[in-house]
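Remarks on the overall topology
Here are the chains, one letter per residue:
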Amino acid sequence: MTSEEQATATKAKTEDESITWWYRWMCKGGALVGGVSCAFAGLFNCITINPLNIIAGVWMVMNAFVLFLCEAPFCCQFIEFADVVSSRVEKLSPWQKGAFYCGMAVVPVLISLTFTTLLGNAIPFATGVLCGLGSLGKKGGATTYNQLDQQKRGNEETDTCEVVAL
């Protein structure tokens, strides 16, 4: 094993420890449900004569494809580069992934503000928020909070109040 491989293994290990396994799967599930809702709403949005609605609908279908490609490459098994894209997305930090998903979901709403675009992009946007919140990391344990509380109490006891003359 070379030093580069060890560095990548260590980096992957620290990234895996920052988010719990169930939260990671919740984000993936949200992306899948968001992709389905975005695809159906996008197809429904294309059934119109308004060109902005058609553009927004096509964008939503492309969003669904990108969500499936990034989070569920097994849905795109006949596309040769699906695994490459998925592995690159997995290397992104959670806030980058969240910003990407939220940005993708906002564009169709900006193009055509209709109930269908709002409803169809709500779940992908929520998935982006969930992924972004993953950058906060794991919640600390009770012992950590107790230590911080004791340090805070100690600092409050040692602090003296200064009287300021007016």
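Computed from a predicted model, the values in this text were never measured in an experiment.

Describing helix α4 (residues 82-91)
Buried residues of α4: A82, S86 and V89, and no others. Projected onto a plane normal to the axis of α4, the buried residues spread over an arc of 65° and lie on a single side. Facing away from the buried side of α4 by over 90 degrees, the exposed positions are D83, R88 and K91. Looking at the buried positions of α4, the neighbouring elements they touch are α3 (51-71) and α5 (94-111).

Focus on the packing of aromatic side chains
In this structure the tally under the stated criterion is 2 aromatic pairs. A centroid spacing of 5.9 Å and a plane angle of 80° characterise the contact between W22 and Y23, whose relative ring orientation is edge-to-face. The exposure class assigned to W22 is partly exposed, which follows from its relative accessible area of 47%. Exposure remark for Y23: the relative accessible area of 15% places this residue in the buried category.

A look at the environment of A105
Looking at where A105 falls in the secondary structure, it is placed in helix α5. A sequence separation of 23 residues divides A105 from G128, and the C-alpha atoms of the two residues are 8.6 Å apart. Not counting chain neighbours up to four residues away, the residues in contact with A105 comprise N63, N121, P124 and F125.

As for the nonpolar core
Across soluble globular proteins, nonpolar side chains show a tendency to be buried alongside one another. In this structure, I19, Y23, C27, A31, L67, C70, V89, Y101, M104 and C131 together form the largest nonpolar core, which totals 10 residues. Leaving out residues up to four positions away in the same chain, M104 has contacts with W59, N63, V66 and L67. Grouped together as the second largest cluster of nonpolar side chains are 5 residues, C38, A41, M60 and A64 included.

A word on the UniProt feature "transmembrane region" (unreviewed entry) in the protein chain
The residues that UniProt annotates with the feature "transmembrane region" (unreviewed entry) are residues 31-52, 58-79 and 99-120. Across residues 31-52, helical content stands at 77% and strand content at 0%; the span's end C-alpha atoms are separated by 25 Å. Helix and strand shares over residues 58-79 are 64% and 0% respectively, and the end C-alpha atoms of the span are 20 Å apart.

Structural notes on the packing of α3 against helix α6 (residues 115-133)
Where α3 meets α6, the axes come as close as 11 Å, and the angle between the chain directions of the two elements is 15°. When the axis of α3 is compared with that of α6, the two are roughly parallel. Our pair here, α3 against α6, has a crossing hand that is left-handed. Contacts between α3 and α6 involve A56, M60, N63 and L67 on the former and, on the latter, T116, T117, G120, N121 and P124. When the residues that make up the contact of α3 with α6 are grouped by side-chain class, the tally is 4 nonpolar, 5 polar and no charged.

The rules behind these values
Residues numbered from 1 in each chain as written. Predicted model: local features only at pLDDT ≥ 70, side-chain atom pairs only at ≥ 80, totals over all residues. Heavy atoms only, no water. Buried < 20%, exposed > 50% of the residue type's maximum accessible area, 1.4 Å probe, protein only. Helix = DSSP H or I, 4+ residues; strand = E, 2+ residues; numbered from the N terminus. Arc of directions from axis to C-beta. Contact = heavy atoms within 4.5 Å. Phe/Tyr/Trp six-rings, centres within 6.5 Å; stacked < 30°, edge-to-face > 60°. Core = buried A, V, L, I, M, F, W, Y, C linked by side-chain atoms within 4.5 Å. UniProt positions renumbered as here; feature names shortened; annotations may be inferred. Axes fitted to C-alpha atoms, helices over the stretch in contact; angles between N-to-C directions. Parallel < 35°, antiparallel > 145°, perpendicular 65-115°, else oblique. Left-handed = near helix turned anticlockwise from the far one by under 90°. Nonpolar A, V, L, I, M, F, W, Y, C, P; charged D, E, K, R; others polar.

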